[in-house]
Amino acid sequence: MVNRATVAEGIKDDVWVPSVCVTCFSCCHVLVHRVNGVVIKVEGNPESPHNGEKVCAKGNAAMMSLYDPNRLTHPVKRTNPEKGIGVDPKWVEITWDEALNTVAERLKKIRKDNPKKLMATTFDESATFFLRAWCAAFGTPHHSWVGYFCGNALHPIMYTTNGSFHSDFDVNHCNYLILMGNQMGFNLGLNPNIVTQKMADARARGMKLVVVDPVCSYAAAKADEWVPIRPGTDAAFALGMVNILLNELGIYDREFIGKNTNGSYLVGPDGFFVRDVSTKKPLIWDSVEGKPKPFDADIKGPSIEGTYQVEGISVRPAFELLKEHVKKYTPESVSQITTVPVEVIRRIAKEYGEAARIGSKIIIDGKELPYRPVAVNQYKGTNAHKHGTMSGISVQLLNILMGGMYVVGSHQGVNIIGPDRSWEPLQTRDGLIQPARPIGTFHTADNIRRPETLGLPEIFPFSTNISTMVHLSVHNPEQFKLTFKPEMLLLA
C-alpha cells in the first residue's frame, strides 16, 4: 500500500475527492485522498449529516480492493464444461471484444424469443437502479439484488405492522430498550456511525439496555443486562412477557389498541372477522352506543374486551382473544422453553411495562406529544428460524401493546411519509395498514394470481425479498406453472 511518505516528493496530483462508501447498506459519505493517481486514505466527510464525519474500519479499508493483486482486470472464459467442487474451470483470458460480442449474441437471441428468459442481478446495491432501468428497456421483469436473505422475515413483519421497511427506535428519547437478535447501536445496523454515537449518549443519560441473545455479542457485553436464551425461542420469550403484561399486570395502552389496531375488530366463533351484512366491512362494538358498527364509522368508544351478541352470535374483540391465547405462555413454561429463569422473565416484563409510562405526554418544540420511552428492536437473530415471520410478529406485539409505535421514545421504521406527502401509507379494504408503493415492492391480497415472474411475488402478498424464490423457480418452473424457462443469468 502506498504511504504518504513515499509520495511526498514530486507530487503532481494531491486531491480529496467526495464520494460514497458502498461496502454496506449505509452508504456513508466519504472523502478519498488521491495522490499521484493513487488512493492513500478514506475519511468521513465532515459536511455529511448522515455519518457525521465518521467512517468505520471496513469503509476505511475499502481502498484495498483497488490494489488487490488478485483483482480480475480482463475477461475470462470457462473452457471446461464439467462443473463441480474441486473441478478446474480452466479459465482462459479473452479480449473485451470477444466477451461483449458473446454476451450480445446471447441477449439478441433471448430478446427475440422471450425477454423473460433473461435473469439479471447484481451484488452491487448502488447499481440496482441502473440494472432495473436496463431490464425494463430489454423487456425482462427479472432483476434483483442477488441472494438477499437478511430481511426475509423482518421486512414483511414491518410492512404489516409499521407500514415501512425496517425496525428502528427513537434512541434520543428511549429509556428502556430491548435488543433481540441484533446489535443495532453497536456499529451495526442502519446508519451505524451515527446510531452508535447516539447509543453511547443514551447510555450515558441513563437508558437501560437489555440484550436477549444466545451469544454474548458486542451489544450484550456492553449492555446493562444480557439475557442468554436458547436459539429459536424468542417468540416464546416475547409471548411470555405479553402474557404477564396483559393478564397479570394489566399494563397495555387501551386507547391505542382500540383506535389504531385491529384489536377492536369483532371475531366470530369461526375465527374470522364479523362483517357488516351490506358493506362486508369488519365490525367494531361501540361501547358508548352499545351496538356494532363498521370499522370506519363514527365509533365513540371501541371495545377491546368482553363478549357481545351480533345477529344472535356471540362475538369477541380480537384483543380479548389475544389475551386468552397468551395465557398458555406462563413464565414457568416459557422458562423451560427458553432457559431464561422465571424471575428474570417476570422482572423484565414489569420493568418494560412500567417504563412505557402509558398515557404520558412530552413537550418538544412547544408541542405536546404522546410519550412511550420503551422499544424492542429485532433482526436476523430473531427471524432466522422456522416460522421466523410469526416469531417477529410476536416480538412486535411488545411495541404495539404499549402504544409504542411512531411516538416519542418508541419503535419506528424508515420514513413512511415522503417529502411533501409525495407518498404515505395506504390501507387495505379491511382498514389495515398497507405501505406506500415507493417504500418497496408490495402486493396486496387482491393481486394474487398465477405467477408470471421467477420471484413469484404474485403468490406472496407481502413478501419483499424475491431472490430466495428464484433459486426454486429457476430449477422447477413447471412446479409454479411458469410458461417459460430462464436461459441466461447476467450478473452485473
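The preceding data block contains the structure.
Small disclaimer: the values here were computed from a predicted structure and weren't measured.

Rules and cut-offs
Residues numbered from 1 in each chain as written. Predicted model: local features only at pLDDT ≥ 70, side-chain atom pairs only at ≥ 80, totals over all residues. Heavy atoms only, no water. Helix = DSSP H or I, 4+ residues; strand = E, 2+ residues; numbered from the N terminus. Buried < 20%, exposed > 50% of the residue type's maximum accessible area, 1.4 Å probe, protein only. Contact = heavy atoms within 4.5 Å. Lys, Arg positive; Asp, Glu negative; His and termini not counted. Charge placed at Lys NZ, Arg CZ, Asp CG, Glu CD. Pairing = 2+ DSSP bridges. Axes fitted to C-alpha atoms, helices over the stretch in contact; angles between N-to-C directions. Phe/Tyr/Trp six-rings, centres within 6.5 Å; stacked < 30°, edge-to-face > 60°. Lys NZ or Arg CZ within 6 Å of the ring centre and 35° of its normal. Parallel < 35°, antiparallel > 145°, perpendicular 65-115°, else oblique. Core = buried A, V, L, I, M, F, W, Y, C linked by side-chain atoms within 4.5 Å. Salt bridge = Lys/Arg side-chain N within 4 Å of Asp/Glu carboxyl O.

J.: Explain the overall build of the chain here, please?
T.: Each helix and strand in the chain was counted, giving 14 helices and 23 strands. For the chain, the spread of C-alpha atoms along the three principal axes comes to 80 × 60 × 50 Å. The buried share among the 492 residues of the chain stands at 45%. Residue pairs in contact within the chain that sit at least 24 positions apart in sequence constitute 55% of those at least 6 positions apart. Averaged over its 53 positive side-chain charges, the chain has a centre that lies 4 Å from the centre of its 50 negative ones.

J.: Even after reading the chapter, I still don't get the sheet that holds strand 2 (residues 29-35), so can you show me in this structure?
T.: Sheets are built from strands that pair by backbone hydrogen bonding, the pairs being arranged parallel or antiparallel. Spatially, 1-2-3 is the arrangement adopted by the three strands of the open sheet, whose pairing is antiparallel. Only two strands of the sheet have a single partner each, and these edge strands are strand 1 (14-20) and strand 3 (38-44). Across the sheet, the mean angle from the axis of one strand to that of its neighbour is 25 degrees, orientation sign disregarded.

J.: Mind showing me how you'd approach the packing of aromatic side chains here?
T.: What describes a pair of aromatic rings is the distance from one ring centre to the other and the angle between the planes of the rings. Here the structure, examined in full by the defined rule, presents seven aromatic pairs. Between Trp134 and Phe138, the ring centres sit 5.3 Å apart and the planes meet at 15 degrees, which makes this aromatic pair stacked. One end of the pair is Trp134 and the other is Phe138, both in helix 3 (residues 128-138) and four residues apart, which spans about a single turn. Residue Phe138 is classed as buried on the basis of its relative accessible area, which comes to 8%. Over the ring of Tyr252 we find Arg254, and its NZ or CZ is 4.1 Å from the ring centre.

J.: Could you clarify how one ought to interpret the packing of helix 7 (residues 234-248) against helix 10 (residues 331-338) in this entry?
T.: To describe two helices that pack against each other, one gives the angle between their axes and the distance between the axes. In contact at an axis separation of 9 Å, helix 7 and helix 10 are set at 170 degrees when each is read in the N-to-C sense. As judged from the angle between their axes, helix 7 and helix 10 are roughly antiparallel. Contacts between helix 7 and helix 10 involve Ala236, Phe237, Gly240, Asn243, Ile244 and Glu248 from the first element and Pro331, Val334, Ile337 and Thr338 from the second.

J.: How should the nonpolar core be read in this particular structure?
T.: Across soluble globular proteins, nonpolar side chains have a tendency to be buried as a group. Ranked by size, the top nonpolar core spans 39 residues in total, and within it Ile178, Phe237, Ile348, Tyr352 and Leu401 carry the most contacts. At the level of secondary structure, the elements contributing two or more residues to this core comprise strand 9 (176-180), strand 10 (208-212), helix 7, helix 9 (318-325), helix 11 (342-355), strand 19 (374-378) and helix 13 (388-401). The dominant element in this core, judged by the number of residues it contributes, is helix 7, at eight residues. Beyond its immediate stretch of four places on either side in the chain, Ile178 contacts Val210, Val212, Met241, Ile348, Tyr352, Ala375, Val376 and Asn377. Core analysis: the second largest hydrophobic core is formed by 17 residues, Phe186, Met199, Leu209 and Ala223 among them.

J.: Before we go on, may I ask you to explain the pairing of strand 2 in this structure?
T.: Two faces make up the sheet, and in a regular strand the side chains alternate between them. With five of seven residues buried, strand 2 lies mostly within the body of the structure. With seven bridges joining them, strand 1 and strand 2 adopt antiparallel strand pairing. Bridge pairing in strand 2 places Trp16 opposite His33. Connecting strand 2 to the antiparallel partner strand 3 that follows it, the hairpin turn spans two residues, and Asn36 within it adopts a positive phi of roughly 50 degrees.

J.: Is there a simple way to explain the environment of Met158 in this structure?
T.: Relative to the assigned elements, Met158 resides in helix 4 (residues 154-161). Taking the C-alpha atoms as reference, Met158 lies 9.4 Å from Pro435; in sequence the two are 277 residues apart. If we ignore the near neighbours within four places in the chain, the residues touching Met158 are Gly163, Ser164, Phe165, His166, Ser167, Gln378, Gln396 and His411.

J.: Is there a simple way to think about the pattern of salt bridges in this case?
T.: Pairing is possible between side chains of opposite charge, provided their charged atoms come close. Tallied over the entire structure, the rule returns 25 salt bridges. A salt bridge links Lys108 to Glu105, with the nearest nitrogen and oxygen atoms 3.8 Å apart. Taken together, the residues span about one helical turn, with Lys108 and Glu105 both in helix 2 (residues 96-113) at a distance of three residues. A residue is classified by how much of its surface remains accessible, and Lys108, at 55% relative accessible area, is exposed. Glu289 is paired through a salt bridge with Lys300; the nearest N and O atoms lie 2.9 Å apart. Here Glu289 is found in the loop between strand 13 (283-286) and strand 14 (291-294), whereas its partner Lys300 is found in the loop between strand 14 and strand 15 (308-310), with eleven residues between them in sequence. Take Glu289: its relative accessible area is 35%, and that puts it in the partly exposed class. Look at Lys300 and you get partly exposed, because its relative accessible area is 48%.

All quantities given are derived from atomic positions and should not be read as evidence of function.
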